[in-house]
Structures are given as C-alpha cells and as structure tokens.
Amino acid sequence: MRDREFVEWIDRFRYTNVELLAMRFGVAMQNVRVRLKRLEAGGLVRLERRSVVEPWIVSLTPAGAKAIGHRPRRAPRAELHQAHELAIG
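Here we summarise the structure given alongside this text. (Residues numbered from 1 in each chain as written. Predicted model: local features only at pLDDT ≥ 70, side-chain atom pairs only at ≥ 80, totals over all residues. Heavy atoms only, no water.)

1. Comments concerning helix α3 (residues 29-41)
Okay, step 1: With 13 residues, α3 ought to run about 18 Å at 1.5 Å a step, and its terminal C-alpha atoms sit 18 Å apart, in line with that.
Okay, step 2: Listed as buried for α3 are Val32, Leu36 and Leu39. The arc that holds every buried residue of α3, seen down its axis, measures 60 degrees, which confines them to one face.
Okay, step 3: Gly43 sits one or two positions beyond α3 and adopts a positive phi of about 80 degrees. (Helix = DSSP H or I, 4+ residues; strand = E, 2+ residues; numbered from the N terminus. Expected span 1.5 Å × (residues − 1). Buried < 20%, exposed > 50% of the residue type's maximum accessible area, 1.4 Å probe, protein only. Arc of directions from axis to C-beta.)

This is the structure:
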C-alpha cells in the first residue's frame, strides 16, 4: 500500500526528492531511500541528480505511471523547473 502512495505522490508533482517524501509520509529519510531503491529496481521510479552535492530527484518511469493507471509522461527536465516544483511539492 505505501509503495502505491509513494508512486501516486511522485506522479502528482511529476518529481520530488527524498527529503520531501520523508516529510510528507512522516518517515526517516533512510527509510525513504530504501523504498525508492526498491521501486527503482522494479522499474517504477527513476533517481537522478546533476552532481553529488545535489539531492536525488525522483520521478516516475512510464512503467510507474502505468502501474497506477496513468498515462506515461515524458521524463521531467528537472534542471529547468526544479526549484519551483520542489517548493510547491
């Protein structure tokens, strides 16, 4: 159940990060990382970052969108909208 909630939340905002997911679901960031690695291994989310000093950006893969019954969207261009999207997420 919690995996689906994570995937739906990520889809709602198109992308997010570990810290925001931890705050939203009231769990430790380490627990979020473990869950995201499992979802990534299952092909449902993608984890990206531009440099080692920036947070991981989490977005859905086409398979992740299909798993919750949504149409797949193009991968977000995080470098263009990251600050804005993360602020409202």
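2. Some words on helix α2 (residues 18-25)
Okay, step 1: Here α2 has its buried residues at Val18, Leu20, Leu21, Ala22 and Phe25.
Okay, step 2: The opening residue of α2, the one whose side-chain oxygen lies 3.1 Å from the backbone nitrogen of Glu19, is Asn17.
Okay, step 3: Two residues or fewer after α2 comes Gly26, characterised by a positive phi angle close to 65 degrees. (Polar contact = N/O pair within 3.5 Å; in protein donor to acceptor, adjacent residues only side chain to side chain.)

3. With respect to the pattern of salt bridges
Okay, step 1: Summed over all chains, the structure comprises six salt bridges.
Okay, step 2: Salt-bridge contacts for Arg2 lead to Glu5; the nearest nitrogen and oxygen are separated by 3.9 Å. Of the two residues, Arg2 and Glu5 both sit in helix α1 (residues 2-13), three residues apart, roughly one turn of that helix.
Okay, step 3: In this structure Arg2 comes out as partly exposed when scored by relative accessible area, which is 31%.
Okay, step 4: For the salt bridge of Arg35 with Asp3, the shortest nitrogen-to-oxygen distance reads 2.5 Å. Pair noted here: Arg35 is in helix α3 and Asp3 is in helix α1, with a separation of 32 residues, a long-range link.
Okay, step 5: Among the ionic contacts, a cluster of salt bridges with common partners joins Asp3, Arg35 and Arg38. (Salt bridge = Lys/Arg side-chain N within 4 Å of Asp/Glu carboxyl O.)

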